[in-house]
Each structure stands twice: as structure tokens, then as C-alpha cells.
Amino acid sequence: MKKISVIGLGNRGSEYMGFIKAFHSKKAELYAICDISRQALADIGPKFGIPEERRYISTSDFFTEGVISDALIIATQDASHYEIAKKALETGYKYILLEKPVSGIREEYTELRDLATEKGATLLVCHVLRYANYYKKIKQIIKSGTIGDIVSINHTENFGYFHFAHSFVRGNWHDEFASTPSILAKCCHDIDLISWFVDSPCVAVSSVGGLRYFNKENAPVGATATCMGGCKAKNTCPYDAEKLYITDPFYKAKFIKYMKRTLTGKMSNSKEDIVDAIKNGDYGKCVFLNDNNVCDHQVVTMQFENGAVAVLNMNGLSDKMFRQSHIVGTKGELIGYGTKLEMRIFGGKSGGVFTGSPAVSGHAEGDIRTVSGFVKLVCGESNDLTDLTTIEATVESHDIALAAEESRKNGGTLVCLKK
Ligand SMILES: NC(=O)c1ccc[n+]([C@@H]2O[C@H](COP(=O)([O-])OP(=O)(O)OC[C@H]3O[C@@H](n4cnc5c(N)ncnc54)[C@H](O)[C@@H]3O)[C@@H](O)[C@H]2O)c1
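Residues numbered from 1 in each chain as written. Predicted model: local features only at pLDDT ≥ 70, side-chain atom pairs only at ≥ 80, totals over all residues. Heavy atoms only, no water.

**Thoughts on the overall build of the protein**
Working step 1: Looking only at helices and strands, the protein has 14 helices and 15 strands in total.
Working step 2: For 419 residues, the compact-globule formula gives about 22 Å, and the C-alpha radius of gyration of the protein, at 22 Å, lands near that figure.
Working step 3: Projected onto the principal axes, the alpha-carbon positions of the protein cover approximately 60 × 60 × 40 Å.
Working step 4: Scored against the burial criterion, the 419 residues of the protein give a buried share of 52%.
Working step 5: Contacts in the protein between residues far apart in sequence, at least 24 positions, make up 74% of those at least 6 positions apart.
Working step 6: Within the protein, one finds 50 positive and 49 negative side-chain charges whose respective centroids are separated by 6 Å. (Helix = DSSP H or I, 4+ residues; strand = E, 2+ residues; numbered from the N terminus. Rg over C-alpha atoms; globule rule 2.2 N^0.38 Å. Buried < 20%, exposed > 50% of the residue type's maximum accessible area, 1.4 Å probe, protein only. Contact = heavy atoms within 4.5 Å. Lys, Arg positive; Asp, Glu negative; His and termini not counted. Charge placed at Lys NZ, Arg CZ, Asp CG, Glu CD.)

Okay, here's the thing in C-alpha cells:
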């Protein structure tokens, strides 16, 4: 039985723990937990049977113990990933699953890559989409040569207007200086997919975009600092927090309605807790009068050494959350909507491709399969790192995202990537 510890017990950390308990409990034991929130330790500890002496309130307490488990999951917020991963490698952990993005600073993520190599450690980054059957199928078709050599990729990440408002206007990723720019925070997934599909180094990047809509110029007449602070536009505003988090009926509700823990920090909540969080917390703030600064739209073009080109469209405003991909090869093309995939061979057959993915977004499936892939490595059932999201493979997507930001801030000028 392998032991796995977890640092950061929020949405992601507790979700991963749930998967280990549900699908891998015969071979992996959740051993120790660490979080700076006493509430999180008290909520998650008993739920997963972690005794009090193995619940740590700080990473320094945790790492002082040395290596106490076979593997470690790090699921804290973005700004702490580098420090904690570095400490984990220095302490001697050999299997680490680290949440994305690794860091917004090149020297930091390349240092982690080098340190992992030096220590002989496997550091996987949670670019979970690669593990979903839908994206694995796309990669498999490309690798097989069926659509020839890739000429171009046109890929769009549609956040969903409510999701963008929740995470990137009101939530943890609204300030690029406290987290990272949205092109890295969210679209490192998409850039990782594109570079994995093309399988050639990216040589040049350009980008334009900005914060077009969620600013005070677009505030409706009568808007107030918080939705429940007397806003006159409340009834017609799609971002009204009371609707989104409390009153929308089941058939209209978006997934954020069920993320109550994010609003209050507590596992179980009364209606009063939620009302209080919306009246007084970040998630009830007007989306037009907030201090958010990350881009709500951005386009990135990429040129690869093998001649392929790609365009990524990051779209914060869409009714639904979904990814679209159009991959054009010399012999055929793939058209995908995040769940359904179609292949058209020029002068040949066209039709749907069975991906083996459920008919929902690849994210949840990717989350489950990422954890399974990690547990397999930890248990020695596989040592094949091909196509896995190692820190080595992650450097490319992070380099492209940072180059895109550099280009965008310089009016879209071409940024060449040095290798
Ligand atoms: N892979 C994906 O698809 C995906 C999706 C969403 C979020 N994320 C990333 O996952 C990470 C976690 O996101 P989340 O939504 O679970 O966040 P969260 O805020 O719900 O949870 C973070 C937890 O870490 C704890 N924490 C913060 N600093 C700590 C420290 N120094 N030591 C110990 N614990 C600490 C917090 O108290 C909190 O419980 C983020 O970096 C986010 O960008 C990844």
C-alpha cells in the first residue's frame, strides 16, 4: 500500500483525495494532509480518516518531518506552487503531482525542472485534459498519420460568462499580480494541448487582447459595489450574485451555484452563510466595479519549428463552457467540440469518431484519469512518461503563455522563443 499526502485541501485537493479514496483505496492510502486553514483540516481530516497527528497547519511543520509518504499532491493556490514544489523536491519526495500553473516566472519553473532531474523525481503537472479520452484520441489520430502532417490548428477556449465572472472577475484569479495572467492561469491547458498535438518546438508567438467588458465603463445605470447593496440593475443583470449563487432554479443553475465552500470556506453551509458571503464577500461584488485586471479575451498565434501554425482564442464571454478545436492536416481534418469529434479525410471518408469519453466536458474525466495515471506511477505499475504532463513537458506551454503576454503588452509584436 503506497502512502499519498496532500498539501492544499480546497476544491482541487479534496477532489483528488475523493478520487483516490473512491478508485484506488486498495493500493493507495491517504496518509497526511496540510493546509493553512484550520477549518479545512477539521473538515477534510475526519472525512478521509486522517488522524490529528498527521494534519499539518503549515508546510514548514509538514516538511520538518522529512519524507513521510511515497507521494505528494500539491493543490494550493498558484502563487505558492513554486516554493512548495521546490521544498518537496529538496526534502526528497520522488513522486509529486503539482497543480497548474507552475509559476509565472520562467526562472522558477525551469529551476523546478532541473531540480526534479537532479533528484531523480517525477514531477507531474495537472494539465488534466491530456488524460481525457477525447484528447488522447485526437493525439492518437495525429500520431497515426491519418490526417497527414499538421498544417494549422484553430482552438477556442470558451469560459462561460458565469465561470469567467466567478473565477476571473470576483474570484482567486482576478488579479494577475496575486495569481497569474488568465492566458497562463486558464489557457496553459489549451497551449499544452496545442503544443502536444503539434509535437514540435514553438519558435514565435504574437498576441492581442485585453479587458474589454468587466470594467466600470460597462457598469449598468444604478449599479452598486455589491449586488445586494441596492443595485438598480439587479433584475436584468446576468451576473447578479443572488441569482447565480442562491435563487436560480435547478434547471437554470450554473455549476458555480454548488461551489458554496469557495464562498464561505466551510464544507456545510446554511442559506444565511451564503447570503452573508454574498453581502460581504468577494463573490457578491459587482463585476463591473471590481478591481479585476486579467484579460477577458485574448488571441494568441503560434509558429512551430516544423512549419505548423496555431491560433488560440481565449474567450471569457460565452453562454456555455466548451472548447472547440479544428486541426487541419495535409490529408484531412479533425473538428471537435470538446466532446464530439469528427474526422474528414480529403477525397475520402468523413464521420464521427468514437472517443470513449462521456458526453460531458473532458475536464472531470481528465481529473479522474490524471489521478489514476499518477497512482499508477507511484505504485510502479508504469514508468512510461511518454505523453504525460511532466515538468519537462510543461516548460513549453508556460514559455508560450509568457511570450503571449509579452507580445500583448507590446501591441502584438512577434516574440521569438529561444531554445
Ligand atoms: N488542473 C486544473 O484543471 C485546475 C482547475 C482549477 C484550479 N486549478 C488550480 O488548482 C489550485 C488550487 O485551486 P482550488 O480551486 O482548489 O483552490 P482553493 O482556494 O479551493 O484551495 C487552495 C487550498 O490551499 C490552501 N493553502 C493556501 N496556501 C497554502 C500553503 N502555503 N500551505 C498549505 N495550504 C495552503 C488553502 O487554505 C486552500 O484550502 C490552483 O493553483 C488552481 O489554479 C487547476
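Anyway, onward from the coordinates.
**Concerning the packing of aromatic side chains**
Working step 1: Counted by the stated rule, this structure contains 21 aromatic pairs.
Working step 2: Plain terms: the ring middles of Phe-164 and Phe-168 are 5.4 Å apart, the flat faces sit at 20 degrees to each other, and that makes the pair stacked. Of this pair, Phe-164 and Phe-168 both sit in helix H7 (residues 161–169), 4 residues apart, which is roughly one turn of that helix. Each member of the pair, Phe-164 as well as Phe-168, is classed as buried.
Working step 3: With a centroid separation of 6.1 Å and an interplanar angle of 90 degrees, the aromatic rings of Tyr-239 and Phe-288 are classed as edge-to-face. (Phe/Tyr/Trp six-rings, centres within 6.5 Å; stacked < 30°, edge-to-face > 60°.)

**Here's the deal with the domain arrangement of the protein**
Working step 1: Segmenting the protein into domains produces domain 1 (2–125), domain 2 (130–214 + 292–416) and domain 3 (216–284).
Working step 2: Once you take the C-alpha centre of each, domain 2 and domain 3 turn out to be 30 Å apart.
Working step 3: Each side of the interface is counted separately: domain 2 has 13 residues, and domain 3 has 16 residues.
Working step 4: Both sides together, the interface formed by domain 2 and domain 3 hides about 1300 Å², and carbon and sulfur atoms give 62% of it.
Working step 5: Where domain 2 touches domain 3, the interface holds 0 salt bridges.
Working step 6: If you look at where domain 2 meets domain 3, you find 4 residue pairs in polar contact (both at pLDDT 80 or more).
Working step 7: For the side of domain 2 that touches domain 3, the residue count by class is 7 nonpolar, 4 polar and 2 charged. (Domains from an automatic or database assignment. Buried area = accessible area lost by both parts, 1.4 Å probe. Salt bridge = Lys/Arg side-chain N within 4 Å of Asp/Glu carboxyl O. Polar contact = N/O pair within 3.5 Å; in protein donor to acceptor, adjacent residues only side chain to side chain. Nonpolar A, V, L, I, M, F, W, Y, C, P; charged D, E, K, R; others polar.)

**Examining the nonpolar core**
Working step 1: The biggest cluster of nonpolar side chains holds 67 residues, and the ones touching the most others in it are Phe-197 and Met-302.
Working step 2: A per-element tally of this core places helix H9 (residues 188–198) first, with 7 residues.
Working step 3: Looking at this core, you find at least three residues from each of domain 2 (130–214 + 292–416) and domain 3 (216–284). (Core = buried A, V, L, I, M, F, W, Y, C linked by side-chain atoms within 4.5 Å.)

**A few points about the site of the ligand**
Working step 1: Near the ligand you find 24 residues, and of these Arg-12, Asp-35, Asp-78, His-189 and His-363 are the closest.
Working step 2: Here His-81 contributes a side-chain N or O atom positioned 3.0 Å from an oxygen atom of the ligand.
Working step 3: Within the side chain of Glu-99, a nitrogen or oxygen atom sits 3.0 Å from a nitrogen atom of the ligand.
Working step 4: Isolated, the ligand exposes 860 Å² of accessible area, and the fraction of that covered by the protein chains is 83%.
Working step 5: Put simply, the parts of the chain that give the shell around the ligand at least two residues each are helix H1 (11–23) and helix H4 (81–91).
Working step 6: Looking at which domains feed residues into the shell around the ligand, each of domain 1 (2–125) and domain 2 (130–214 + 292–416) supplies at least three. (Near = heavy atom within 4 Å. Areas by Shrake-Rupley, 256 points an atom, 1.4 Å probe, with all protein chains shown as cover.)

**Quick look at the sheet that holds strand E12 (residues 332–336)**
Working step 1: Strand order across the open sheet formed by 9 strands is E14-E13-E12-E11-E7-E10-E9-E8-E15, with mixed pairing between neighbours. The open sheet terminates on both sides in strands that have one partner only, identified here as strand E14 (350–353) and strand E15 (415–416).
Working step 2: Relative to strand E10 (residues 309–315), strand E9 (residues 297–304) runs antiparallel, the two being bridged by 7 bridges. Across the sheet, Val-299 pairs through a bridge with Asn-313, a residue of E10.
Working step 3: Packed on one face of the sheet, H9 meets strand E7 (150–158), E9, E10 and strand E11 (322–329) and runs near 165 degrees to E7. (Pairing = 2+ DSSP bridges. Axes fitted to C-alpha atoms, helices over the stretch in contact; angles between N-to-C directions.)

**Here's the deal with the pattern of salt bridges**
Working step 1: Counted according to the given criterion, the structure contains 25 salt bridges.
Working step 2: Note that Arg-344 is salt-bridged to Glu-333, the shortest N-O span being 3.7 Å. With Arg-344 in strand E13 (residues 341–345) and Glu-333 in strand E12, this residue pair connects regions lying 11 residues apart in the sequence.
Working step 3: Among the residues examined, Arg-344 registers a relative accessible area of 32% and is labelled partly exposed.

**Quick word on the sheet that holds strand E6 (residues 122–125)**
Working step 1: Across the sheet, 6 strands lie side by side as E3-E2-E1-E4-E5-E6; this open sheet has parallel pairing. Strand pairing shows two members of the sheet lacking a second neighbour, strand E3 (55–56) and E6, which therefore form its edges.

**A closer look at helix H6 (residues 133–144)**
Working step 1: Taking 1.5 Å as the rise per residue, H6 with 12 residues should run 16 Å; its terminal C-alpha atoms sit 16 Å apart, in good agreement.
Working step 2: Phi for Gly-145, located one or two positions after H6, is positive at around 85 degrees. (Expected span 1.5 Å × (residues − 1).)

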